[in-house]
Amino acid sequence: MDPATGARRSFAVPVALFFAALFVVYGTHVPFMPVWLNWRGLSPGEISIIIATPLFLRLFVTPVIAMAADREEAHRRYLIILAWLSLGFVLALAASVSFGGILLFATLLMLCNSTIMPLIETIAVNGMRHRGLDYGRMRLWGSLSFVGSSFAGGVVMNAFGGGAGVWLVAFGCALTVIAGHFLPAQDRFDAPMKPSLPLWRGEALRDLLKQRDFRYFLVAAGLAISAHAAFFTFGILIWERQGLSAAWSGSLWAIGVFAEVLLFSISGYVIRRFGAARLIALGAAASIVRWLVMALNPPLAVLLPLQVLHGLTYGATHIGAIHFIHDTVDRDKQGTAQALYATISSGVAMGCATLIAGWAYASGGSMSYLAMTGISMISLAAGLCSSSRERASCLPSPR
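The rules we used
- Residues numbered from 1 in each chain as written.
- Predicted model: local features only at pLDDT ≥ 70, side-chain atom pairs only at ≥ 80, totals over all residues.
- Heavy atoms only, no water.
- Helix = DSSP H or I, 4+ residues; strand = E, 2+ residues; numbered from the N terminus.
- Expected span 1.5 Å × (residues − 1).
- Buried < 20%, exposed > 50% of the residue type's maximum accessible area, 1.4 Å probe, protein only.
- Core = buried A, V, L, I, M, F, W, Y, C linked by side-chain atoms within 4.5 Å.
- Contact = heavy atoms within 4.5 Å.
- Phe/Tyr/Trp six-rings, centres within 6.5 Å; stacked < 30°, edge-to-face > 60°.
- Lys NZ or Arg CZ within 6 Å of the ring centre and 35° of its normal.
- Axes fitted to C-alpha atoms, helices over the stretch in contact; angles between N-to-C directions.
- Parallel < 35°, antiparallel > 145°, perpendicular 65-115°, else oblique.
- Left-handed = near helix turned anticlockwise from the far one by under 90°.
- Nonpolar A, V, L, I, M, F, W, Y, C, P; charged D, E, K, R; others polar.
- Salt bridge = Lys/Arg side-chain N within 4 Å of Asp/Glu carboxyl O.
- Disulfide = S-S within 2.5 Å.
- pLDDT = per-residue confidence, 0-100.

This next bit is on helix H6 (residues 165-181). For H6, built from 17 residues, the straight-helix expectation of 24 Å at 1.5 Å per residue is met to within 8% by its first-to-last C-alpha distance of 26 Å. Within H6 the residues assigned to the buried category are Gly-165, Val-166, Leu-168, Val-169, Ala-170, Gly-172, Cys-173, Thr-176, Val-177, Ala-179 and Gly-180.

Laid out in structure tokens, this is it:
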């Protein structure tokens, strides 16, 4: 093995393993934390408050931490600190019995854990830029881990009951701590960053939001991701109403994630073929088709190809977003940009879409997907604006 290949592998393997460890947390928290909260005796209203609160608070926490990591070029150090805090908070959560204590520690857990994501994304993009690595081939291990931990967690929950839910999350947090310490030290390939204004003045945040193309990007990618809210929250319940078994529901979930993994595995070719902005627009267009048909309670034969579209509705949007930030955002602002994308797509926009989906589901079951179709249409409009500007920027300038 030549030295260059060895150096790339020594970077890519720990990053891929960290994605896998982090997604053990997500793959157990998403399906099983509500089960544990119900086991603790909380009402549906209390459970919804606990799940939704960190989604909105991310707006005030994640970008601030990411800006600090950008300023100090210390994404790995901040990531490890947050991983240790997550482990501490999940253990405190396991010992909590009152609604107030559970709300506090569940919120702190998810604020810390969700803020890790833009930091590891920034580290991965740094490797993509300077080492010629394929981001998608590192990230796909997270998706595979999500599927594996969800299935394994289901077996554990069947064997030990709802009380095991929080310990599954704790196991994922412990893996994340271990994997974090194996991440490579952060490289500094470029010249030192110029001094910036104090953190509280939010220079990087303001600079990004002043850019029209970046605002189009946030709307397009953020809404395309958040339009999955009805599926993530009520998808299995809707399939149960249709009479699908738990086995088929799990299989349909797996099909969607494997389609996402397939796209990640060829993401280098796909991004060269379509470009970042057009890939986001493609994800939004696929979302319109997917959610519109899902609203009609389609039979299993139609659900199978609809789940394959997950590779576009989520996978293409996310790959496009990562490459858009890589291609258009200055190095010293990339962590902030990643945090903004994560905060909008999986935070504020997802929280609002979840509330909308809940109201629509209570009113008409699968009709909640019509609301997601409307969100996807707005995403597509913004994506087309961003794509047209991307194509214009590629035209040769007049001589």
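With that out of the way, let us pick up the environment of Val-64. With respect to the helices and strands, Val-64 occurs in helix H2 (residues 44-72). Owing to a relative accessible area of 38%, Val-64 belongs among the partly exposed residues under this scheme. A sequence separation of 275 residues divides Val-64 from Ala-339, and the C-alpha atoms of the two residues are 8.6 Å apart.

Another aspect to go through is the nonpolar core. With 109 residues, the main nonpolar core has Val-15, Phe-19, Leu-79, Ile-120, Phe-214 and Phe-217 as its most contacted residues. Discounting chain neighbours no more than four positions away, the residues touching Phe-214 are Leu-208, Phe-324, Val-329, Ala-337 and Leu-340.

Looking now at the packing of aromatic side chains. Using the criterion set out here, one finds 13 aromatic pairs in the structure. Centre to centre, the rings of Phe-217 and Tyr-341 are 6.0 Å apart; their planes meet at 35°, and the pair counts as tilted. With Phe-217 in helix H8 (residues 212-226) and Tyr-341 in helix H15 (residues 334-364), this residue pair connects regions lying 124 residues apart in the sequence. Residue class for Tyr-341 comes out buried when judged on its relative accessible area of 5%. Taken together, a centroid distance of 6.0 Å and an interplanar angle of 50° make the contact between Phe-231 and Phe-232 tilted. Among the residues examined, Phe-232 registers a relative accessible area of 31% and is labelled partly exposed. Taken together, the aromatic side chains of Phe-146, Phe-231, Phe-232, Trp-239, Trp-253, Trp-291 and Tyr-369 make up a single cluster linked through ring pairs. Across the ring face of Phe-274, the terminal group of Arg-273 is positioned such that the distance to the ring centre comes to 5.2 Å. The ring of Phe-231 is capped by Arg-290, whose NZ or CZ atom sits 4.8 Å from the centre of that ring.

The next subject is the packing of helix H3 (residues 75-94) against helix H4 (residues 99-131). At a minimum axis separation of 8 Å, H3 and H4 run at an interaxial angle of 155°. Our classification of the angle between H3 and H4 gives roughly antiparallel. Both H3 and H4 take part in a crossing whose hand is left-handed. In terms of residue class, the contact of H3 with H4 is built from 19 nonpolar, 5 polar and 1 charged.

This paragraph deals with the pattern of salt bridges. Pairing is possible between side chains of opposite charge, provided their charged atoms come close. Throughout the structure, instances matching the rule amount to 4 salt bridges. With a shortest N-O distance of 3.9 Å, Lys-333 and Asp-207 are connected by a salt bridge. You can see Lys-333 sitting in the loop between helix H14 (310-328) and H15 and its partner Asp-207 sitting in helix H7 (residues 203-210), a full 126 residues away along the chain. Judged by relative accessible area, which is 12%, Lys-333 ranks as buried. Judged by its relative accessible area of 25%, Asp-207 is partly exposed. Salt bridges sharing partners connect three or more residues here, namely Asp-207, Asp-330 and Lys-333.

This paragraph deals with the state of the cysteines. Two cysteines whose sulfur atoms are joined by a covalent bond form what is called a disulfide. Summed over all chains, the structure comprises 0 disulfides. Of all cysteine sulfurs, the one in Cys-173 lies closest to Cys-112, which takes part in no disulfide; the gap is 9.5 Å. Owing to a relative accessible area of 9%, Cys-112 belongs among the buried residues under this scheme.

What follows concerns the confidence of the model for the protein. On average, residues of the protein score 85 in pLDDT, and 91% of them are at 70 or above. Predicted confidence is poor over residues 189-201, with pLDDT under 50, and the contacts of this stretch with residues over four places away or in other chains come to 23 contacts. Scored below 50 in pLDDT, residues 394-399 shows 0 contacts in the model against residues more than four places distant or in partner chains.

Attention now goes to the packing of helix H12 (residues 276-294) against helix H13 (residues 300-308). Two elements in contact, H12 and H13, have axes separated by 10 Å at closest approach and are oriented at 155°. The orientation of H12 relative to H13 falls into the category roughly antiparallel. Seen along the crossing, H12 lies across H13 with a hand that is left-handed. When H12 is examined against H13, the residues Arg-290, Val-293 and Met-294 are found in contact with a partner set consisting of Val-302, Leu-303, Leu-306 and Gln-307. Grouping the constituent residues of the contact of H12 with H13 by class yields 5 nonpolar, 1 polar and 1 charged.

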